[in-house]
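# Survey of secondary and tertiary structure
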Amino acid sequence: MSVVLVYVLFIAAGIAAGGAYSMWKFNKLASGVLLALAVLAAVAGVLRLL
C-alpha cells in the first residue's frame, strides 16, 4: 500500500505542476498555490521513499 501512496503523490505532484504552468498567464495566485501543492506532494513522496 505504501508503494501506491508514493505513486499517487508523484502523480498528483506532476498534475499540479502542469496545472500551475498552464494557469500562470491567467491567475498567478492560483498558480502559486498549485505550485506549492506540487512541491509539498513531491517532498511527501520523497520522504515516503526514505
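These figures come from a predicted structure and were not determined experimentally.

For Ser 31, the position within the fold is in helix α2 (residues 28-49). Other than its neighbours up to four places away in sequence, Ser 31 contacts Ala 20, Met 23 and Trp 24.

With that out of the way, let us pick up α2. Compared with the 32 Å implied by 1.5 Å per residue over 22 residues, the 32 Å span of α2 between its first and last C-alpha is a close match. Within α2 the residues assigned to the buried category are Ser 31, Ala 38, Ala 41 and Gly 45. Along the axis of α2, the buried positions cluster into a sector of 90°, meaning they face one direction only. Away from its buried face by more than 90 degrees, α2 exposes Leu 29, Leu 40 and Leu 47. The opening residue of α2, the one whose side-chain oxygen lies 3.4 Å from the backbone nitrogen of Leu 29, is Asn 27.

So, on to a nonpolar patch on the surface. Together, Phe 10, Leu 35, Val 39, Val 43, Val 46, Leu 47, Leu 49 and Leu 50 make up an exposed nonpolar region whose accessible area comes to about 800 Å². A per-element tally of the nonpolar patch places α2 first, with 6 residues. Along the chain, Val 46 turns up in helix α2.

What follows concerns the packing of helix α1 (residues 2-23) against α2. Interaxial distance between α1 and α2 falls to 8 Å at its minimum, and their mutual angle equals 160°. Relative to α2, the element α1 is oriented roughly antiparallel. Here α1 runs over α2; the crossing is left-handed. Along the contact surface, α1 presents Ser 2, Leu 5, Val 6, Leu 9, Phe 10, Ala 13, Ala 16, Ala 17, Gly 19, Ala 20 and Met 23, while α2 presents Ala 30, Ser 31, Leu 34, Leu 35, Ala 38, Ala 41, Ala 42, Ala 44, Gly 45, Val 46, Arg 48 and Leu 49.

Rules of the game
Residues numbered from 1 in each chain as written. Predicted model: local features only at pLDDT ≥ 70, side-chain atom pairs only at ≥ 80, totals over all residues. Heavy atoms only, no water. Helix = DSSP H or I, 4+ residues; strand = E, 2+ residues; numbered from the N terminus. Contact = heavy atoms within 4.5 Å. Expected span 1.5 Å × (residues − 1). Buried < 20%, exposed > 50% of the residue type's maximum accessible area, 1.4 Å probe, protein only. Arc of directions from axis to C-beta. Polar contact = N/O pair within 3.5 Å; in protein donor to acceptor, adjacent residues only side chain to side chain. Patch = residues over 30% accessible without salt bridge, like charges linked within 9 Å, V, L, I, M, F, W, Y side chains within 5 Å. Areas by Shrake-Rupley, 256 points an atom, 1.4 Å probe, with all protein chains shown as cover. Salt bridge = Lys/Arg side-chain N within 4 Å of Asp/Glu carboxyl O. Axes fitted to C-alpha atoms, helices over the stretch in contact; angles between N-to-C directions. Parallel < 35°, antiparallel > 145°, perpendicular 65-115°, else oblique. Left-handed = near helix turned anticlockwise from the far one by under 90°.

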